[in-house]
Amino acid sequence: MPTRDRSWPGTHVARQAGPVEDFITRLVVGRLSRPDAADLVAVQEGGPDVAALREEAAAIRRNLEEMAADRALGLITRPQLLAATGRANIRLDEIGAELDHAARENVLAPLVAAENAAAVWADLDLSRQRAVIKTLMSVTLHSPGRGARHPFDPATVTVTWRQPDAA
């Protein structure tokens, strides 16, 4: 049974995970330990009310279910249902974007506020660490070369920072 996803357009790169993970950890902890790390979590005054956004999204979804039931009973026309569904989906997308932004800020906040970012990082579960990495950077692995195993070379890892002035 093949393990490679053949739909992926790039080449397959086999790497030892340990050295790459250590390298990325050093970059993340280094960035979050800098004096200007708080700038990464610039929470705006009157930022999004996450609870209110979630309640609004739930109300929209309930309305969509009610409209589907009304359509089944012939109480509204198909064009009415499609128009209302379109407007509802636009707002749900807007709410999703606002919640994603708030989540990105929240995932970095404990690390930025910590006196020892390395200790907080070590205590995070894998999914939180992945969320932090995804928020801060994109990572591209390049082939270390063919043949015998080479020592880890940071030049074979490209990091693109997502935050301004993060490097």
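If you're wondering where the values come from, they're calculated on a predicted model, not measured in any experiment.

Calculation notes
- Residues numbered from 1 in each chain as written.
- Predicted model: local features only at pLDDT ≥ 70, side-chain atom pairs only at ≥ 80, totals over all residues.
- Heavy atoms only, no water.
- Core = buried A, V, L, I, M, F, W, Y, C linked by side-chain atoms within 4.5 Å.
- Buried < 20%, exposed > 50% of the residue type's maximum accessible area, 1.4 Å probe, protein only.
- Helix = DSSP H or I, 4+ residues; strand = E, 2+ residues; numbered from the N terminus.
- Contact = heavy atoms within 4.5 Å.
- Arc of directions from axis to C-beta.
- pLDDT = per-residue confidence, 0-100.

Enquirer: Looking at this structure, how should I read the nonpolar core?
Expert: When a protein is soluble and globular, its nonpolar side chains tend to lie buried together. By size, the foremost hydrophobic cluster in this structure holds 19 residues, and its most contacted members are Ile24, Val28, Leu32, Leu108, Val132 and Leu136. Listed by contribution, the elements that provide at least two residues to this core are helix H1 (17-33), helix H3 (78-113), helix H4 (117-123) and helix H5 (126-136). Sort the elements by how many residues they give to this core and H1 lands first, with six residues. Not counting chain neighbours up to four residues away, the residues in contact with Val28 comprise Trp121, Val132, Ile133, Leu136 and Met137. In terms of nonpolar packing, the next biggest core, distinct from the first, is built from 11 residues, Leu64, Met67, Ala84 and Leu92 among them.

Enquirer: Hey, could you run me through H5 in this one?
Expert: Given 3.6 residues to a turn, an α-helix orients residues that are three or four positions apart in the same direction. Among the residues of H5, those classed as buried are Gln129, Val132, Thr135 and Leu136. Each buried residue of H5 sits inside an arc of 125 degrees when the element is viewed along its axis, so together they form one side. Residues of H5 that are exposed and point more than 90 degrees away from the buried face comprise Ser127, Arg130 and Lys134.

Enquirer: I keep staring at the confidence of the model for the protein chain and nothing clicks. Help me out?
Expert: Low-confidence regions, as indicated by low pLDDT, have predicted coordinates that should not be scrutinised in detail. Considering every residue of the protein chain, the mean pLDDT works out to 82; 81% of them sit at 70 or more. Here H3 is the element of the protein chain with the lowest mean pLDDT, 86, and H4 is the one with the highest, 92.

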